[in-house]
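Residues per chain are reported as follows:
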Amino acid sequence: MVPHLVTALNGPINELEQRIIDSMPAIERWFRLEWMEHTPPFYGSIDVRNAGFKLAPVDTSLFPRSWNNLTQEMLPLAVQAAQAAIEKICPEARNLLVIPENHSTNTFYLSNVARLARIFQMAGLNVRIGSIDPSIKAPKKVQLPDGEVVCLEPVVRSKRRLGLKHFDPCTILLNNDLSAGSPGILEELHEQYLLPPLHAGWSVRRKSNHLHSYEEISKRFGKLLGIDPWLINPMYARAGEVDMESGQGMDVLTSHVDALLTRVRRKYKEYGINEKPFVVIKADNGADPMGVLTIRDTKDLEELAKRPRAKGAAAGKRADSEQGEPTRAAEVIVQEGVLTNERVHDSFAEPVVYTMDRYVVGGFYRVHAGQSRDENLNLPGSSFVPLAFSESAHLPQPGAKVGASAPNRFYMYGVIGRLAMVAASYELEATDPDAEVYE
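In this numbering scheme, every chain counts its residues from 1 along its sequence in written order. The predicted origin of the model limits local features to residues at a pLDDT of at least 70 and limits the giving and counting of side-chain atom pairs to 80 or more, whereas totals for whole chains, interfaces and linings rest on all residues. With hydrogens and water excluded, all non-hydrogen atoms of the structure serve as input to the side-chain values.

Student: How should I be thinking about the sheet that holds strand S9 (residues 171–175) in this particular structure?
Tutor: On the basis of which strands lie adjacent, the open sheet formed by six strands has the order S5-S6-S4-S3-S9-S10 and mixed pairing. The sheet is open, and its two borders are formed by strand S5 (140–143) and strand S10 (193–195), each paired with just one other strand. Strand-to-strand twist across the sheet, computed as the mean angle between neighbouring axes with direction ignored, equals 30°. Pairing between two strands is assigned when DSSP locates at least 2 bridges connecting them. For helices the rule is a DSSP run of H or I covering at least 4 residues; for strands it is a run of E covering at least 2, with both sets numbered from the N terminus onward. Bridge analysis of strand S3 (residues 95–100) against strand S4 (residues 126–131) gives four bridges, and the strand direction is parallel. In the strand pairing of S4, Leu 96 is matched with Val 127. In the packing of helix H4 (residues 107–122) onto the sheet, the strands contacted are S3, S4, S5, strand S6 (149–154) and S9, and the crossing angle to S9 comes to about 150°. The convention used is that axes are lines fitted to C-alpha atoms, helices contributing only their stretch in contact, and that angles between N-to-C directions extend from 0 to 180 degrees. The contact criterion used throughout is that any non-hydrogen atoms of two residues lie within 4.5 Å.

Student: Looking at this model, I keep getting lost on the environment of Ile 21. Mind explaining?
Tutor: Within the fold, Ile 21 resides in helix H1 (residues 13–22). In this structure the C-alpha to C-alpha distance between Ile 21 and Tyr 411, which are 390 residues apart in sequence, comes to 8.2 Å.

Student: I tried to follow the packing of aromatic side chains on my own but got confused; where do I start?
Tutor: Aromatic ring pairs are reported here in terms of the distance separating the ring centres and the angle at which the planes meet. Centres within 6.5 Å make a pair out of two Phe, Tyr or Trp rings, where for Trp the six-membered ring is used; the pair is then stacked when the planes are under 30 degrees apart, edge-to-face when over 60, and tilted otherwise. For the structure shown, the criterion picks out 14 aromatic pairs. Here Trp 230 and Tyr 268 contribute two aromatic rings whose centre-to-centre distance is 6.2 Å and whose plane-to-plane angle is 65°, an arrangement assigned as edge-to-face. Of this pair, Trp 230 sits in the loop between helix H5 (207–225) and strand S11 (236–242) while Tyr 268 is found in helix H6 (residues 250–271), placing the two residues 38 residues apart along the sequence. Classification of Trp 230 by relative accessible area gives buried; the value is 4%. By relative accessible area, which is 3% here, Tyr 268 ends up buried. Look at Tyr 354 and Phe 364: their rings are 5.5 Å apart centre to centre, the planes differ by 45°, and that puts the pair in the tilted class. Pair noted here: Tyr 354 is in strand S16 (residues 347–356) and Phe 364 is in strand S17 (residues 359–368), with a separation of ten residues, a long-range link. For the pair Tyr 354 and Phe 364, a shared accessibility class is recorded, and that class is buried. Through a chain of ring-to-ring contacts, three or more aromatic side chains come together here, namely Phe 42, Tyr 43, Trp 67, Phe 108, Phe 120, Tyr 354, Phe 364 and Phe 384. Placement of a charge over a ring requires the Lys NZ or Arg CZ to be within 6 Å of the ring centre, with the centre-to-atom vector within 35 degrees of the ring normal. The ring of Trp 202 has Lys 207 sitting right over it, with the charged end atom 5.8 Å from the ring centre. Between Arg 418 and the ring centre of Phe 31, over which it is positioned, the NZ or CZ distance is 4.3 Å. Summary of the burial criterion: residues with accessible area below 20% of their type's maximum are buried, those above 50% are exposed, and those between are partly exposed, where the area comes from a 1.4 Å probe applied to protein chains only.

Geometric descriptors of this kind do not, in isolation, establish any biological role.
Quick look at the structure:
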């Protein structure tokens, strides 16, 4: 099923879409040159918002979950990408150890782990799942809703290596975002590849670093295509540490919100867009559970400040985050809100693009019946509908009427997703604690 796309029918986004389709040779060459100089993140997922006048990534995960939402038709793409990625990193690889989150009772999450393991098994590797959860002291079999069984085994750490009993892996794949910090058991490994690296975890990573890298990438890419970078880039600002209960930092936050809303209004006026601008406030550190708050006016902040922060956190908590009390103060960012004009079954939706190494391997629509077009959709109650990537992940149909060909639109989503991955590669290079520094 190809979901009905409102934006396939109207809106100036088609001009941008046509520019991207016409520029495909230049775009693909640009990506090839980038990947000659930079190492792509091992895998990722990118939330994309299509406003009809703007298309931009709004969140980039380097520890993607929900692989089980990719259709069977997408698996060959993922397997080919997995083979290419492993061959590049460890050509002699035989054994792969997957380290999941400590969600040993969450069968939906474990279905994602099982799908990930299957992809690498089909790529020709021996795959086992090793848990760093202290409560897992012996192999634990968990039956999944589809009848499949996943086995979680306790990891074994020697002086120099990490593995399982009678299982010594060349490569360790983290599907654990390390939001609780980097456990010592994963540090100082010798002659083993840890993917993604520890500094990609949320205990270290900051969204503002990624947005800074993406802003620079969008300027260069915009110049390549001859377009305003704003059409593919959500503006942002760092607001520092804010405590909504005590009011600490609220004046600075209000100032940033007002300034960013003013900039967005200016852009809307420039392009003749008759919509109400909005911004979102979220923690710079993805481990903070404050969620995503939609702000349409500085008065919204005044109202928010009158309520306990926990209420705001509960309203914006991510669907896939662990439950927990929000911390009192957090480093926050203000990000330009991007509307979504796409619908599935009369509910607003946003595409999520999945990548592995340098390749787009699939994706799905995140749909939420209870949310509006300017609100966060990544909340409890969201559902998932496959994207029609199965026809082609990379090959648009040149010459086809714009918007009439599904691969045209999905090629564009893939381009945006890969731009976010290029930005992530820059971000990881800039924050690598082991990088050599030259005077």
